[in-house]
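Secondary and tertiary structure notes
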Amino acid sequence: MSVAVFNWVVVFPPAELPTHQVIEWRDPDPNRMQMPQGNPLLLSYTLQELLARDSVQVELIPEKKGLFLKHVEYEVSSQRFKSSVYRRYNDFVVFHEMLLHKFPYRMVPALPPKRVLGADREFIEARRRALKRFINLVARHPPFSEDVILKLFLSFSGSDVQNKLKESAQCVGDEFMNCKLATRAKDFLPADIQTQFAMSRELIRNIYNSFYKLRDRAERIASRAIDNAADLLIFGKELSALGSDTTPLPSWATLHSSTWSSLKQALKGLSVEFALLADKAARQGKQEENDVVEKLNLFLDLLQSYKDLCERHEKGVLHKHQRALHKYSLMRRQMSAAVQSREPESVEQLESRIVEQENAIQTMELRNYFSLYCLHQETQLIHVYLPLTSHILGAFVNSQIQGHKEMSKVWNDLKPKLSCLFAGPHSVLTPPQSPQEDGVCPH
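Since the model is a prediction, treat every value here as computed from it, not as a measurement.

When you go through the protein chain residue by residue, the secondary structure sums to 15 helices and five strands. Once local pairs closer than 6 in sequence are excluded, the contacts in the protein chain between residues at least 24 apart make up 74%. When the accessible surface of the protein chain is summed, it comes to about 25,400 Å², and 55% of that surface belongs to carbon and sulfur atoms.

Structure below.
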């Protein structure tokens, strides 16, 4: 079975390690996004094209089993595959492991942590949001989106999805072993790839730090809107409670005036307007959480996966390559010493080991260049996502405009209903003025 990835083919032999095969690449869907002709290193996607790849929804389906143990299940719905399946958190874990196994040189977003005990509603909701961000980033990633493992996870409705995922990755190797361009990756890389890699890593680290602070401020703004909603609701209830007070007043206190009765009558009905104000503020806060904070979190998840990929490159294939070269150097020294001491058996054994080590070094060198090849493409992918900034700012501005507009209308509708609270001399209804406006010195 072949799966088209970018401009190459992934081949899965039935019962042996994959072998490189030169096969004419054919795209079964001519409308699917394609690589530009020429250098396959270059990407030609837009943010709109990536977002249009798929839209995956993740909804909670809580299920109780037993008296104390509570399992959480998710309904995962894919627009692209027109599917709706049920998944547990552990299913996501196996899917994540298989992605790392098959695509060690790509940006695989991290999963939210698993919390065994004390998982409250807030934690479960935060994890649902994180899983949704994870699966959407994966579903829109060019190589992942064309792999059989994604289709299995989003459309397989059987009960043993974990085994299916593992079977699909069994004995097929990683992307390097299945990509027909893997051994030629160096040919497409710029000569100063190491310098470019270092510069890109520093730039994305700075972008991550700035977006992390933006996300923190956006969370605080949304939280304040929700807190403001709660305060407005309580404010209105207290006014209503004041207006509903039935404690009798002595006549000598009121001097036969009906002012307090009029005030109470006006205050009693204000809870409705303040409840409406609270609802508007709460909706604005929720909208900012969904449209601003979540998009910032999505981009942060992507940037973090790039940082993780850079670390895997340095601590993984690059480190192994350097270690193999060091081991090869030691073998050459041993070989020289054996030749000088005229030990034929030792020389023959070392020659065999040196040949094996040379082959291993050659493979590691090819993997190192392929890792840089993938890093180059993943860096481009980050920049494709950068225009998401305008989406985030647009959502933030629109939320503020809409929220203030709706709140302003409710406040303006509320003002005439307070006229009886501002009863002035000779029954002229005027709002109270500040001391300066009355010509009274504040001192």
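Right, let's talk about helix α5 (residues 148-155) for a bit. Across the eight residues that make up α5, a large majority, six, are buried. Regarding α5, the residues found buried are Val148, Ile149, Leu150, Leu152, Phe153 and Leu154. The opening residue of α5, the one whose side-chain oxygen lies 3.0 Å from the backbone nitrogen of Ile149, is Asp147.

As a further point, take unusual backbone geometry. At Lys82, a residue that is not glycine, the phi angle is positive and equals roughly 50 degrees. Relative to the elements of secondary structure, Lys82 occurs in the loop between β4 (70-78) and β5 (83-88).

Our next topic: the pattern of salt bridges. Applying the stated criterion to the full structure yields 19 salt bridges. The residue Arg133 makes a salt bridge to Asp301 at a minimum N-O spacing of 2.6 Å. In this pair, Arg133 is assigned in helix α3 (residues 121-140) and Asp301 in helix α12 (residues 270-315), connecting sequence segments 168 residues apart. The class for Arg133 is buried, based on a relative accessible area of 13%. Classification of Asp301 as partly exposed rests on a relative accessible area of 22%. When the shortest N-O distance is used, the salt bridge between Arg215 and Glu219 registers 3.9 Å. Of this pair, Arg215 and Glu219 are both found in helix α9 (residues 193-243), four residues apart, which corresponds to roughly one turn of the helix. Assessed through its relative accessible area of 13%, Arg215 is described here as buried. Its relative accessible area of 37% is what places Glu219 among the partly exposed residues.

The next thing to look at is the packing of aromatic side chains. Each aromatic ring pair is summarised here by two numbers: the centre-to-centre distance and the angle between the ring planes. Applying the stated rule across the entire model yields 14 aromatic pairs. Members of the aromatic cluster, each reached through a chain of ring pairs, are Tyr74, Phe92, Phe95, Phe134 and Phe153. The lysine or arginine in question, Arg87, covers the ring of Phe153, its NZ or CZ lying 5.3 Å from the ring centre. Geometry around Tyr212 places Arg215 over its ring, the cationic atom sitting 4.8 Å from the centre.

Okay, a nonpolar patch on the surface next. Side chains of Leu242, Leu249 and Trp260 sit close together on the surface and give an oily, nonpolar patch of about 260 Å² of accessible area. Within the fold, Leu249 resides in the loop between α9 and α10 (251-254). Exposure remark for Leu249: the relative accessible area of 46% places this residue in the partly exposed category.

Turning our eyes to something else, we now look at the nonpolar core. Counting 45 residues, the largest nonpolar core has Phe299, Phe370 and Tyr373 as the members making the most contacts within it. Elements with a contribution of two residues or more to this core: α1 (47-51), α8 (185-188), α9, α12, α14 (344-385) and α15 (388-414). Top contributing element to this core by residue count: α12, with 11 residues. In this structure, Val72, Leu111, Ala139 and Ile149 belong to the second largest nonpolar core, which totals 32 residues.

Before going further, it helps to examine the side chain of Glu288. The residue Glu288 is located in helix α12 in this model. Within the buried core, Glu288 has no salt-bridge partner, and the shortest N-O distance to an opposite charge, that of Arg224, equals 8.3 Å. Dropping the residues within four chain positions of it, Glu288 is found in contact with Ile221, Ala222, Val293, Ser399 and Gln400.

So, about the confidence of the model for the protein chain. On average, residues of the protein chain score 80 in pLDDT, and 73% of them are at 70 or above. Ranking the elements of the protein chain by mean pLDDT puts strand β2 (residues 8-11) last, at 33, and α5 first, at 96. Segment residues 1-36 is flagged for pLDDT under 50; beyond a separation of four residues in sequence, or across chains, it makes 89 contacts in the model. The model gives residues 425-430 a pLDDT under 50, and that stretch makes eight contacts with residues more than four places away or in other chains.

Definitions and limits used
Residues numbered from 1 in each chain as written. Predicted model: local features only at pLDDT ≥ 70, side-chain atom pairs only at ≥ 80, totals over all residues. Heavy atoms only, no water. Helix = DSSP H or I, 4+ residues; strand = E, 2+ residues; numbered from the N terminus. Contact = heavy atoms within 4.5 Å. Areas by Shrake-Rupley, 256 points an atom, 1.4 Å probe, with all protein chains shown as cover. Buried < 20%, exposed > 50% of the residue type's maximum accessible area, 1.4 Å probe, protein only. Polar contact = N/O pair within 3.5 Å; in protein donor to acceptor, adjacent residues only side chain to side chain. Salt bridge = Lys/Arg side-chain N within 4 Å of Asp/Glu carboxyl O. Phe/Tyr/Trp six-rings, centres within 6.5 Å; stacked < 30°, edge-to-face > 60°. Lys NZ or Arg CZ within 6 Å of the ring centre and 35° of its normal. Patch = residues over 30% accessible without salt bridge, like charges linked within 9 Å, V, L, I, M, F, W, Y side chains within 5 Å. Core = buried A, V, L, I, M, F, W, Y, C linked by side-chain atoms within 4.5 Å. Lys, Arg positive; Asp, Glu negative; His and termini not counted. pLDDT = per-residue confidence, 0-100.

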